[in-house]
Amino acid sequence: MRIFEEMESEVRGYIRSFPAVFDVARGSEMYDVHGNRYIDFFAGAGSLNYGHNNPAIRDALIEYLQRDGIVHGLDKATVAKQAFLTKFRDTILAPRNLEYKVQFTGPTGTNAVETALKLARMVKGRSNVIAFTNAYHGLSMGSLAVTGNSFYRDESYGVRANSAFVPFDGYLGSGFDSMAYLRRLLSDQSSGVDLPAAIIVETVQGEGGIHVARDAWLRQLADICHEFDILLIIDDIQMGNGRTGTFFSFERAGITPDMVTVSKSIGTGLPMSLLLMRPELDQWKPGEHTGTFRGNNLAFIAATKALSYWDTPDFAAGIADKGKLFEQGLTAIVEKYSQTQGRLRGVGMVWGIDFADPGLAGSISEECFKRGLIIETAGANGQVLKFLPALTISEELIAEGLTMIDAAIGAVLK
Ligand code: PMP
């Protein structure tokens, strides 16, 4: 590990939580240089929903490279991009009656968020954007302004936090009606809140600690946006690509956002981010918002292959079944260790146990790692143990991982 400490910036993060040098990985198992095996319940922070080195995806990439397929072509038309757009339209958008134009925004999720914020402001001619407490949308200047976590914000950055962070659903307890509060902010001139161009929201806060917005709350939010002529941006970077059980996380609420940010697992681990926008919002002038890496052709090949999982309803059914295994297993663990007062939250294949105690959550994560299980913490203070396995994980590995968590908590509490 010495070279990393010597050379890599102090900002390095996950390397600290998982101190091993990893070498190979298959599906939901990773191996370090000493051949130690780890079950992966983290899946690259949700960027490996189809698993590590998924054989079908890997083979498609090898075949493409062997025939000298174009790896980097700026944003020129390529066969790989054509195949992706066609597959995305036919397999994902059309069956859901969604009509979006696709903008390739760059390698990482933050690029999509920045693009959405910029476009919303341009289209509406207004600069304010409302976000939610505890939200995570990225750490670059624009996205940081809508990230509701003060840990990431130093005054010296010169980034003014957004003018209003509305409490996320349930964040202040069920007694607080955050939609009534939002309506009041928008309609009462004395609130000092300028009419926003957009409201940006996650349907489930991932980094924020697995807070699941209720369907009715999301519908109310969509109604308010409609009523006040505000664009609704769903940030589906972590919760999209099937994580919550459907391809888009907003499908369960039956809402149609004006814009959707997509990244992480869309590229199956290769860098790629997209902005989906209602066609009439595509008011960019040619070249107005561009850059060098606007669509990685290897990511297009991988993504096109991965989207085949959505050709039939079987994949979604599998997510629901495996999600239930997690829910049952984690419920049993929370009940067994009731003295920790852990609270389970989640949906589909994203779960979190909130221990209210960052020290306890951190110790459990550490103990899990020692036993060969990769599991991260989340939440404003890292107080939530977060479960984000690949959607392709086997039932056997789920069971094995759950047993390890049980043992790890037992060891920590001893
Ligand atoms: N939005 C959400 C909801 C995210 O979870 C993340 C990443 N955790 C981002 C934006 C930023 O994406 P990236 O780290 O790829 O820039």
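Residues numbered from 1 in each chain as written. Predicted model: local features only at pLDDT ≥ 70, side-chain atom pairs only at ≥ 80, totals over all residues. Heavy atoms only, no water.

Novice: I would appreciate a short explanation of the nonpolar core in the present structure.
Specialist: In summary, soluble globular proteins display a tendency toward joint burial of nonpolar side chains. Judged by nonpolar contacts, the single largest core of 86 residues is most densely connected at Phe84, Phe88, Phe248, Phe387 and Ile405. Considering every element that reaches this core, the biggest residue donor is helix H10 (residues 297-307), with 8 residues. Filtering out sequence-adjacent residues up to four positions away, Phe88 remains in contact with Leu93, Val102, Phe247, Phe248, Ile266, Leu274, Leu276 and Leu307. Core analysis: the second largest hydrophobic core is formed by 20 residues, Leu117, Ala131, Ile233 and Met259 among them. (Core = buried A, V, L, I, M, F, W, Y, C linked by side-chain atoms within 4.5 Å. Buried < 20%, exposed > 50% of the residue type's maximum accessible area, 1.4 Å probe, protein only. Helix = DSSP H or I, 4+ residues; strand = E, 2+ residues; numbered from the N terminus. Contact = heavy atoms within 4.5 Å.)

Novice: For this particular structure, what's the right way to read the pattern of salt bridges?
Specialist: Side-chain pairing between opposite charges can occur once the charged atoms of the two side chains come close. Enumeration according to the criterion identifies 24 salt bridges in this entry. In this structure, Glu280 engages Arg278 in a salt bridge whose closest nitrogen and oxygen atoms are separated by 2.1 Å. Exposure remark for Arg278: the relative accessible area of 24% places this residue in the partly exposed category. Among the ionic pairs, Lys336 bridges to Asp406, the shortest N-O distance being 3.0 Å. Remark: Asp406 occurs in helix H13 (residues 395-413) and Lys336 occurs in helix H11 (residues 314-336); sequence separation between them is 70 residues. Ionic contacts of the salt-bridge type, sharing partners, join the residues Glu10, Arg12 and Arg16 into one network. (Salt bridge = Lys/Arg side-chain N within 4 Å of Asp/Glu carboxyl O.)

Novice: Is there a simple way to think about the packing of H11 against H13 in this case?
Specialist: Any two packed helices are characterised by the angle at which their axes cross and by the distance between the axes. Packing of H11 against H13 leaves a shortest axis separation of 10 Å and a crossing angle of 15°. Looking at the two axes, H11 sits roughly parallel to H13. Note that H11 runs across H13; the crossing there is right-handed. When H11 is examined against H13, the residues Lys322, Leu325, Phe326, Gly329, Leu330, Ile333 and Lys336 are found in contact with a partner set consisting of Glu395, Ile398, Leu402, Ile405, Asp406 and Ile409. Residues of the contact of H11 with H13, tallied by class, amount to 8 nonpolar, 1 polar and 4 charged. (Axes fitted to C-alpha atoms, helices over the stretch in contact; angles between N-to-C directions. Parallel < 35°, antiparallel > 145°, perpendicular 65-115°, else oblique. Left-handed = near helix turned anticlockwise from the far one by under 90°. Nonpolar A, V, L, I, M, F, W, Y, C, P; charged D, E, K, R; others polar.)

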